[in-house]
Each structure stands twice: as C-alpha cells, then as structure tokens.
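Architecture at a glance
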Amino acid sequence: MKKWMLIPAMAGVVAVGSVAMAEDSVPSTSNKAENLITLKEAKQVATEKVKGGIVTEIELDKDDGRYHFDVDLKDGKYEYDLEVDAYTGEIIKFEKEVEKGRKQATSGNLLTKEEAISIAKKKAAGTVKEIELDTDDGRKEYEIEMKDDQFKYEIELDAVTGEFLKFEKDRYRSAKKEVKAQTEKVAASTLNVVEQTTQKQAVKPVDNKRSNNNTMLTKEQALAIAKQHASGVVTDFELDDNVYEIEMEDGDIEYELDIHAYSGAILSFERDED
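If you're wondering where the values come from, they're calculated on a predicted model, not measured in any experiment. (Residues numbered from 1 in each chain as written. Predicted model: local features only at pLDDT ≥ 70, side-chain atom pairs only at ≥ 80, totals over all residues. Heavy atoms only, no water.)

So, on to the packing of aromatic side chains. Enumeration over the complete set of coordinates arrives at seven aromatic pairs. Both rings, one in F167 and one in F269, keep their centres 6.3 Å apart while their planes meet at 70 degrees; by these two values the pair is edge-to-face. Note that F167 is positioned in strand β11 (residues 164–171) and F269 in strand β15 (residues 266–273), a separation of 102 residues in sequence. Under the relative-accessibility criterion, F269 is labelled buried at 10%. Residues Y255 and F269 carry aromatic rings whose centres are separated by 6.0 Å and whose planes lie at 45 degrees to one another, so their mutual orientation is tilted. (Phe/Tyr/Trp six-rings, centres within 6.5 Å; stacked < 30°, edge-to-face > 60°. Helix = DSSP H or I, 4+ residues; strand = E, 2+ residues; numbered from the N terminus. Buried < 20%, exposed > 50% of the residue type's maximum accessible area, 1.4 Å probe, protein only.)

Structure (structure tokens):
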C-alpha cells in the first residue's frame, strides 16, 4: 500500500474544513497519467454526502493498485469516514458514529436485560446468544447477539430509552452458499428444459425477462424487493458478484441490503438508526 498524507505546504494550500491541505501534495504526474479526480472534487463528493459536515482530514491512498481518497468529517454530533474512488468519484466506503466525547443526552433508570431483550425481539427472531451492557462515549448501551436458522443479528440499544442504535441482520455464510447453489441448480434445470423444448418444437424463443431463475433481476426489480423491507431514498446501488448491494436512507434511519441478483433472496439486511 502506498500512501500520501496531504499536509500543509507553503504554496498551493487549499482550506479543507478546518484543516489546511496542500493540493500539490498529491503527485501531479500520477494525477495526469491516471486521470485521478482532484482533491477539491473529492472534498465536494464527501460534503455532498454529509450535509453540513466539515472535512478534518483527507489523504490519497493506494490499495490493491487502485487509488482512493480517505476523507474524515465531523458535524458536531457524528464523525464520518469515507473512501472516495479517485478515478470515478464514487463513495466506496461510508462509516458514521457518534462523535467521541458526546455524552448520552437522556438520563434515567437503565432498562433491565429482560426489557432490552423484549425490545430486540420486536425486530429480530431467534435465540439470544449474548447480551452485554457496555459504555460507548458516555452512553450506556446493550449489545445483543441473536441467531435463528438462517440469520444472525447484532443489535445495539440505548440502555435508557431502548432506542435502536444499530441493527444488523446477516445470513450465515453456509446459508448464502446454499441459496446460491439452489439458485444455480434451478436455473440450470430450467434452462435445460427450455433448450430441450426448443429443440423438439418449432416455437418462439422463450421470453427471458422473468420466465426463469437464469435471468438476472433488473435494477427496478431489485429495488422493488428492497422497498418491501426498507423505506426512504436510495443513496447507493451497485452489482457485485451476482449480488445487488443497496443503501437507503429514511430520515435518521439507514438501511443496507444485499439481494441475490437471480433469486431475489435477501442475503443481508442492516438497519442503523441515529
């Protein structure tokens, strides 16, 4: 990994949030040769994502032969860590957490473990494997892990209010493989039947729009499935290794879903509430 830290310089300095960064710290030869976006453009991408955020640090990083900008921001309540693709300007990583040192706004009696579990079970099924009371930046939180036959859940609750601070739902790796194997098996079987029928009969070609599982879901179909489980505005959408990765925001609630591009199965679901 090769990294350049953008540090203050005597000339060519640009104010980035509350920290002065040097645009000429980024190797100009690389910028021209590889058509990288500029420091200013990377900053603009980050601040458009985090409205009202101030950039506190930005640096150019090279990982697996590809450049990206690491951008840190603050907005007085949260800290953000973004990675911006230095070629396309796409946000390839987004993390948000309560700013260090911010105290819990609400005080009062803590929920019991039984009360916390009861709240968690309103959103997750299965058996509680672990529950722990922890303190994060002055906030008392219950960290709960649950499992059922297909999914594992990681939940964080405000120990005073019962508010969901984090909700992750992830299909077991073995279950993911099973879904993929079943999908491929059904697709291969269906395709074989179609080919045999076509050979034996003089019929029109089969309409593959949604006739069998050998056809990939369209973007619209994947979004329709996602909106059955989440609400709000789609902020990111991409296809990676036959999986649609979708991010949505509804006010202070953020969703991340992984949907199998052929079967439409929900492989992973995360709900994070500020």
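Resuming the write-up.
What follows deals with unusual backbone geometry. Of note, D64 is a non-glycine position whose phi angle comes to about 55 degrees, a positive value. Examined against the element boundaries, D64 turns out to sit in the loop between β4 (54–63) and β5 (66–74). With a phi close to 65 degrees, N242 is a non-glycine residue in the positive phi region. Following the sequence through the fold, N242 ends up in the loop between β12 (233–240) and β13 (243–250).

What follows is about the environment of N242. The exposure class assigned to N242 is partly exposed, which follows from its relative accessible area of 31%. As for N242 and A261, which are separated by 19 residues in sequence, their C-alpha atoms are 5.1 Å apart. Look past the residues within four positions of N242 in its chain and what remains in contact with it is M216, I259, H260, A261 and Y262. (Contact = heavy atoms within 4.5 Å.)

Right, let's talk about the sheet that holds β15 for a bit. Sheet architecture is open: eight strands sit in the order β8-β9-β10-β11-β15-β14-β13-β12, paired in antiparallel fashion. In this open sheet, the two strands that pair with only one neighbour each are β8 (127–136) and β12. Strand after strand, the sheet turns through a mean of 10 degrees between neighbouring axes, direction not considered. Packed onto the sheet, helix α3 (residues 113–120) meets β8, β9 (139–147), β10 (151–158) and β11 and runs at close to 60 degrees relative to β9. (Pairing = 2+ DSSP bridges. Axes fitted to C-alpha atoms, helices over the stretch in contact; angles between N-to-C directions.)

Right, let's talk about the side chain of E141 for a bit. Within the secondary structure layout, E141 lies in strand β9. It turns out E141 is buried and unbridged, and the closest side chain with the opposite charge, R139, is 4.2 Å from it. With sequence-adjacent residues up to four places away left out, E141 is seen in contact with E132, L133, D134, D136, E156, L157, A159 and L165. (Lys, Arg positive; Asp, Glu negative; His and termini not counted. Salt bridge = Lys/Arg side-chain N within 4 Å of Asp/Glu carboxyl O.)

For the structure shown, the criterion picks out nine salt bridges. Of the charged contacts in the structure, one is a salt bridge between R66 and D85, with a shortest N-O distance of 2.9 Å. Pair noted here: R66 is in strand β5 and D85 is in strand β6 (residues 78–85), with a separation of 19 residues, a long-range link. In this structure R66 comes out as partly exposed when scored by relative accessible area, which is 38%. The class of D85 is buried, set by a relative accessible area of 7%. Where D158 meets R139, a salt bridge forms, and the shortest distance between an N and an O atom there is 2.6 Å. Remark: R139 occurs in strand β9 and D158 occurs in strand β10; sequence separation between them is 19 residues. Accessibility expressed as a relative area gives 10% for R139, which makes it buried. Through salt bridges with shared partners, one network takes in D81, E83, K93 and E95.

Mapped onto the secondary structure, E156 falls in strand β10. In this structure, E156 is buried with no salt-bridge partner, the nearest side chain bearing the opposite charge being K166 at 4.2 Å. If we ignore the near neighbours within four places in the chain, the residues touching E156 are E141, Y142, E143, E163, F164, L165 and K166.

Attention shifts here to the pairing of strand β14 (residues 253–260). Across the eight residues that make up β14, a large majority, six, are buried. Pairing between β13 and β14: eight bridges, direction antiparallel. Following the sheet pairing, M248 is matched in β14 by Y255. What sits between β13 and β14 in their antiparallel hairpin is a turn of two residues, with G251 showing a positive phi close to 65 degrees. The loop that links β14 with its antiparallel partner β15 comprises five residues; one of these, G264, has a positive phi angle of about 80 degrees.

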